[in-house]
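Architecture at a glance
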4 protein chains.
Amino acid sequence: MNSKIPVTVLGATGVVGQRFVRRLASHPLFKIQYLAASERSSGKRYFEACAWRLEGEPYGGFGPRVMVPGEPDQAFSPVVFSALDSGPASELEPQFAKAGALVFSNASAFRMAREVPLLIPEVNPEHLGLIELQRRHHGWKGAILCNPNCTATVLAMALAPLEKTFGIEAVMMTSMQAVSGAGYPGVASLDILGNVVPFIRNEEEKVEEEIPKLLGLLGPEGIELAKLGVSALCHRVPVLEGHTEAVSVKLKGSPTPDQVREAMRSWRPEPQALNLPSAPAVPIHLHLTEDRPQVRRDVEVDGGMSVHVGRVRACPLFGIKFSLLGHNTERGAAGGSILNAELAHAKGLLG
Amino acid sequence: MNSKIPVTVLGATGVVGQRFVRRLASHPLFKIQYLAASERSSGKRYFEACAWRLEGEPYGGFGPRVMVPGEPDQAFSPVVFSALDSGPASELEPQFAKAGALVFSNASAFRMAREVPLLIPEVNPEHLGLIELQRRHHGWKGAILCNPNCTATVLAMALAPLEKTFGIEAVMMTSMQAVSGAGYPGVASLDILGNVVPFIRNEEEKVEEEIPKLLGLLGPEGIELAKLGVSALCHRVPVLEGHTEAVSVKLKGSPTPDQVREAMRSWRPEPQALNLPSAPAVPIHLHLTEDRPQVRRDVEVDGGMSVHVGRVRACPLFGIKFSLLGHNTERGAAGGSILNAELAHAKGLLG
Amino acid sequence: MNSKIPVTVLGATGVVGQRFVRRLASHPLFKIQYLAASERSSGKRYFEACAWRLEGEPYGGFGPRVMVPGEPDQAFSPVVFSALDSGPASELEPQFAKAGALVFSNASAFRMAREVPLLIPEVNPEHLGLIELQRRHHGWKGAILCNPNCTATVLAMALAPLEKTFGIEAVMMTSMQAVSGAGYPGVASLDILGNVVPFIRNEEEKVEEEIPKLLGLLGPEGIELAKLGVSALCHRVPVLEGHTEAVSVKLKGSPTPDQVREAMRSWRPEPQALNLPSAPAVPIHLHLTEDRPQVRRDVEVDGGMSVHVGRVRACPLFGIKFSLLGHNTERGAAGGSILNAELAHAKGLLG
Amino acid sequence: MNSKIPVTVLGATGVVGQRFVRRLASHPLFKIQYLAASERSSGKRYFEACAWRLEGEPYGGFGPRVMVPGEPDQAFSPVVFSALDSGPASELEPQFAKAGALVFSNASAFRMAREVPLLIPEVNPEHLGLIELQRRHHGWKGAILCNPNCTATVLAMALAPLEKTFGIEAVMMTSMQAVSGAGYPGVASLDILGNVVPFIRNEEEKVEEEIPKLLGLLGPEGIELAKLGVSALCHRVPVLEGHTEAVSVKLKGSPTPDQVREAMRSWRPEPQALNLPSAPAVPIHLHLTEDRPQVRRDVEVDGGMSVHVGRVRACPLFGIKFSLLGHNTERGAAGGSILNAELAHAKGLLG
């Protein structure tokens, strides 16, 4: 226990911050040193600063912990997990990186920065190498490592084995997204009960720009974007956790649905080979039942760290279409960041 | 009143049947002569045979009406509206057509038959001409006229002005469909509360085969299918009434979003020119607010007879994408059939 | 039209304020003179200050109207409808009353004040007489008239004919309340999707203290509280509009369910006798079907101005129990206030 | 493992049957010998006969098991768990009892029979003694033991320590019940989305007659019914699992809320003393947060075997009111039956 690496959670009171705390409360490599919060909450005990919204032990057992201001001189740990909103993130995360921390961030602030890795361990573990460029560029001892937008994360997980096996020319993706993606209080019940909202601010843009970076190759000047077309059509639906995505994909060589299923089934990426603590045994669950995956029934499998694919079938336009499901606040947020840190640890980047 | 045309409703007890009755109870051209039902219900009064599930006057005022068997010798009217399931429809509808009735059918049984018009008055009023072929073919005095699948109907309404103005090469459509589309009792609450189900039996196939017929041209041998590619990805969501569709469309000449909006806005098809009683003044409502149309807030406008388009924007893959909404059990079922009958009346086909 | 009475709406941007505007836009007695708002919104046009959340014509046609500050010197009308929160209401409503306006208020600030009528025209029209006391007490030319809490309003409507016919000893009421009662954004979707929340702040207290005033008699010193026991147990459920209440009531003389139904059915209170414009023809709809009333199916009848009673049956403990339903933001808010103003007009209090 | 007691599950394909299978698949005392089904399913493999609707291993690992007819000569085990509907139960359960099995039944068929125990191990373990009377009465070697209606079970759990500590005079209970209580397909989504249904057939009657038996004392002639008044008002709400109950209770000696909380907190009934495998460590979780328990957030604690009480407060009419929550298909069905069997085992009744 004493040899665990101390970590700080920035933005610990929110929907994603609480998931960080719950996962880190029993993590084999990391232990929580600081829970940091905005000025309004710092000085309060964690249980006073927010209402716990998850199942399991309230506040992950950290209820009495006094929260500290989210600044490096009061909350420094060698590893920092950030659940901050984009505004505060753009100010505070560089301060922690400058102070020497590896900052694993959920925020969108630096995702598309040339020198910042946009990391999914199953998809692009070699992007870790971008840290060198980042440190040279800024003169930092630490670094910022981002995980992608939740919708893009889920999509990239399903596309990665297809990119590797066949090559992707184009992907059209329509999402049906859970309300938890908007944080708390987030989506008003008056807006979503019995409704579908065909708009989530900036979401389509994020997916369309992040996917080419996620599937790109590390070059000397940064990531060379993958050359595929991406179109996203994003919706909010009355679902609590989990994003459903309807995907049509144009692959090189026009593989059959069976070949696509086989490429997904046989995919064994690095986190599974390295046996990282938060990596699911099988990154993509392939469903053969005609009406699965279903978000309410499947999304919590493997603690939300795997994604689900079903209904792989011929698309009259693109060749292949399938149904995709993943957990937006676990794989697409807290769990994803922690898996990134585990990869960095396995690669010797945490000292 | 005495000069109104007497009509029969087949399958009057179901979700769509009740909407037929409600619309016909106060229709300026038609009056209900017979409410027909399966063996189990015939002989019962309408209010005994089913629970009324709509707003407004219970049973449309026809609660005490005794239901008759759905056979031509006991339920013949010159106009028949059929809300039958596909099985009974394939048996009974031809009997009524043979007996001389014009049968306006919601069932899928004959939609793709070469000699049967698949009719949306705004989209393909000239397909009415197919009746001649049908009568010659079968030696009938009557005829069967189908309205399309509800999801296809809504899509065709938005595509029609684009086909006419630009020409369509391909359309990708992901639907988020209401539970009412499955009838009553239909979708179990245990299957859909807090869930998205990425499968509706035969729905994708229907959309993909009906759209080319709907947009096709009447030729001497029947309908020449329109030459466009169609791919549909269909989902059930926890919404009561109304199908939301996310549409990407590849148009000839690569028009801008503004040009697409203008084509939709300026569209004035025949039912509006003829001022048919059930035709909405504006067939497509164009929304400019960034988060509309929304099914719960918009679907009941115009009694569900118009469709709604919003978020017309550039698609990185197909050129144009937009959000579409329509009422599945009104425009896509009962209201659509009645509008078909009104068109037939305006064209002098009802004697 | 020119002879209509000009009115001001305070708090016009909120959930209840919009319902005021929609009702007043076509009211036979009143016309909107001012839409007033907080500092943040005044000076903006109505459509800039809020998103319209109701069906029907957006902003009731008042979208371009410039909003004014909610103060008597800038927004005075002889009749003022207040949809303010309790804090601003306690400050601003007396200023308008002092300036000579009759203020019809939805806020809870003054409901229990000794000199303020808590008015439901069907239940206690004679409480209007309290205005004299109020004017003497404050030296005002105007007055404040409150409508009760929405849950209490619905309950009082059902209790009134029972109090009159039999006399009530005790009432136990468990509510299942719509999210609209909390305003917008109000209840977070993360809190209510698939959930029941057994707590609404201050709601039980309001019902328990308002019912005895509502059913009380006007005396020289104010209202003599009715001598009945009231216990309320309040819940939030995932419903948009309409409060369902499960009621057990102990009546004097132990009437049968048939006698209770008859008392409700034959009730013809003053607004119906006076034929007030917003009064429903029948104040209580009695349902005989075993599973009605149901909030989604029944609550919009009569524009939400009537209440619904069903399942009147024997209670092993109190003698009678029944199911009750009413519209919280119409009868329980905007519609209720306007009906109060109509009663005041009919009684000659509006000059 | 070989020493585990073989059991039969009757009605294994339904909502409750599947929960039996999931619990028994890893039970320390019992092992599944037969999965029995109606004629329609017998001969099929379990995975062919139904769709698995629960989380965790599909079919509890029994997917390939061939189902047998639910008759003693083909499906006899010394312990039988019955998830049958009332009709088949009334026919088949006595046959198994006659053949020598202890039948632990969820059906309502025999609950109120004079010689049949209506058993909740925490509430009335001594009612097991009724088996003697039953065996004498019928000349059976086996016996039928019922668990109560799910709503009554949850209520009885909260009432038991109050009856023991203070004595109960009257209880008024309004329920807000999950759709799973109606089985599958059960409640149609068209009936419950955005709705509250104030009626569940026979539910109020069951609660009102079962509670006095549950809290009664074992006498020589059977159970002497407890002398308390019970009134139930039952509703269906759009919730998946878990019944919320609003309870007002009149206790002897008028204890304070603190005393009531203490009686619940200090309650240590027999299953906890005996450490039965399915008994939760704490039978009643007392919530102190003002807005808990909440069904979606609390109902799955302890595998659904404990109940939750919150908001214990003064009731102006009955003295005490509180909010109550329990799992209808676990504690109120499958888990409850299995706990009954564990109690019977601990008492030496399973040989």
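Residues numbered from 1 in each chain as written. Chains lettered and ligands numbered in written order. Predicted model: local features only at pLDDT ≥ 70, side-chain atom pairs only at ≥ 80, totals over all residues.

1. Some points on the sheet that holds strand S11 (residues 243–251) of chain D
All names here are of chain D.
- Here six strands make up an open sheet; going across it, the order is S10-S7-S11-S14-S13-S12 and the pairing mixed. Bordering the open sheet on either side are strand S10 (229–236) and strand S12 (284–286), each of which pairs with just one other strand. For this sheet, the mean angle separating the axes of adjacent strands, direction not counted, is 25°.
- The pairing of strand S13 (residues 307–315) with strand S14 (residues 319–326) spans six bridges and is classified as antiparallel. Across the sheet, residue His308 finds its bridge partner in S14, namely Leu325.
- Strands strand S7 (168–177), S10, S11, S12, S13 and S14 of the sheet are contacted by helix H6 (residues 150–165), whose axis makes an angle of about 35° with S11.
- Along the sheet, helix H9 (residues 257–265) makes contact with S12, S13 and S14, crossing S13 at roughly 160°. (Pairing = 2+ DSSP bridges. Helix = DSSP H or I, 4+ residues; strand = E, 2+ residues; numbered from the N terminus. Axes fitted to C-alpha atoms, helices over the stretch in contact; angles between N-to-C directions. Contact = placed C-beta atoms within 7 Å.)

2. Remarks on the domain arrangement of chain A
All names here are of chain A.
- The domain boundaries assigned to chain A delineate domain 1 (5–149 + 334–346) and domain 2 (150–326).
- Placing a centre on the C-alpha atoms of domain 1 and another on those of domain 2 gives a separation of 24 Å.
- Listed per partner, the contact involves 33 residues of domain 1 and 31 residues of domain 2.
- It is helix H12 (residues 334–346) that contributes the most residues to the side of domain 1 that touches domain 2, seven residues altogether.
- By residue class, the composition of the side of domain 1 that touches domain 2 is 16 nonpolar, ten polar and seven charged. (Domains from an automatic or database assignment. Nonpolar A, V, L, I, M, F, W, Y, C, P; charged D, E, K, R; others polar.)

3. Notes on the confidence of the model for chain A
- Scored by pLDDT, chain A has a mean of 96; 99% of the residues are at 70 or more.
- With pTM at 0.96, the complex prediction returns an ipTM value of 0.96. (pLDDT = per-residue confidence, 0-100.)

4. A word on the interface of chain A and chain D
- The interface of chain A with chain D comprises four residues on the first partner and four residues on the second.
- For the side of chain A that touches chain D, the per-class residue count stands at one nonpolar, one polar and two charged.

5. Describing the relation of the copies chain A and chain B
- If you rotate chain A by 180° and push it 0.0 Å along the axis, it lands on chain B with an RMSD of 0.0 Å. What the superposition gives is, in effect, a two-fold axis relating one chain to the other. (Least-squares fit on C-alpha atoms with pLDDT ≥ 70 in both.)

6. Points about the interface of chain A and chain B
- Facing 35 residues of chain A, the contacting portion of chain B comprises 35 residues.
- The biggest single contributor to the side of chain A that touches chain B is strand S10 (residues 229–236) of chain A, with five residues.
- Residues that form the side of chain A that touches chain B fall into these classes: 18 nonpolar, eleven polar and six charged.

7. Section: the relation of the copies chain A and chain D
- Least-squares fitting of chain A to chain D yields an RMSD of 0.0 Å, with the superposition described by an axial translation of 0.0 Å and a rotation of 180°.
- Taken as a fraction of all interface residues of chain A, those also at the interface in chain D reach 100%, which identifies the copy contact as same-surface.

8. Remarks on the packing of helix H1 (residues 15–24) of chain C against helix H12 (residues 330–346) of chain C
All names here are of chain C.
- Taken N-terminus to C-terminus, the directions of H1 and H12 make an angle of 45°; their axes are 9 Å apart at the nearest point. Here H1 is positioned oblique relative to H12, judged by the angle of their axes. Where H1 crosses over H12, the two elements pack in a sense that is right-handed. Across from Val16, Arg19, Phe20 and Arg23 in H1, the residues of H12 making contact are Glu330, Ala333, Ala334, Gly335 and Ile338. (Parallel < 35°, antiparallel > 145°, perpendicular 65-115°, else oblique. Left-handed = near helix turned anticlockwise from the far one by under 90°.)

9. Quick notes on helix H8 (residues 203–214) of chain A
Residues and elements named next belong to chain A.
- The end-to-end C-alpha distance of H8, which contains twelve residues, comes to 16 Å, matching closely the 16 Å that a straight helix rising 1.5 Å per residue would cover.
- Listed in full, the buried residues belonging to H8 are Glu203, Glu204, Lys206, Val207, Glu210, Ile211, Lys213 and Leu214.
- Along its buried surface, H8 packs onto helix H6 (150–165), strand S7 (168–177), strand S9 (222–224) and S10. (Expected span 1.5 Å × (residues − 1). Buried ≥ 20, exposed ≤ 12 C-beta atoms within 10 Å, placed from the backbone.)

10. What to know about the pairing of strand S13 (residues 307–315) of chain C
Residue and element names in this part refer to chain C.
- With seven of nine residues buried, S13 is to be regarded as a mostly interior element.
- Of the pairings in the sheet, the one linking strand S12 (residues 284–286) to S13 comprises three bridges and is parallel in character. Its bridge partner lying in S13, Leu286 is registered against Val309.
- Adjacent in sequence and paired antiparallel, S13 and strand S14 (residues 319–326) are bridged by three residues.

11. A closer look at the packing of helix H1 (residues 15–24) of chain B against helix H12 (residues 334–346) of chain B
Residue and element names in this part refer to chain B.
- One way to put it is that H1 packs onto H12 with a least axis distance of 8 Å and a crossing angle of 50°. As the angle between them shows, H1 and H12 are arranged oblique. Crossing angle aside, the handedness with which H1 passes H12 is right-handed. Every residue of H12 that contacts H1 at Val16, Arg19, Phe20 and Arg23 is listed here: Ala334, Gly335 and Ile338.
- In the contact of H1 with H12, the residues fall into four nonpolar, one polar and two charged.

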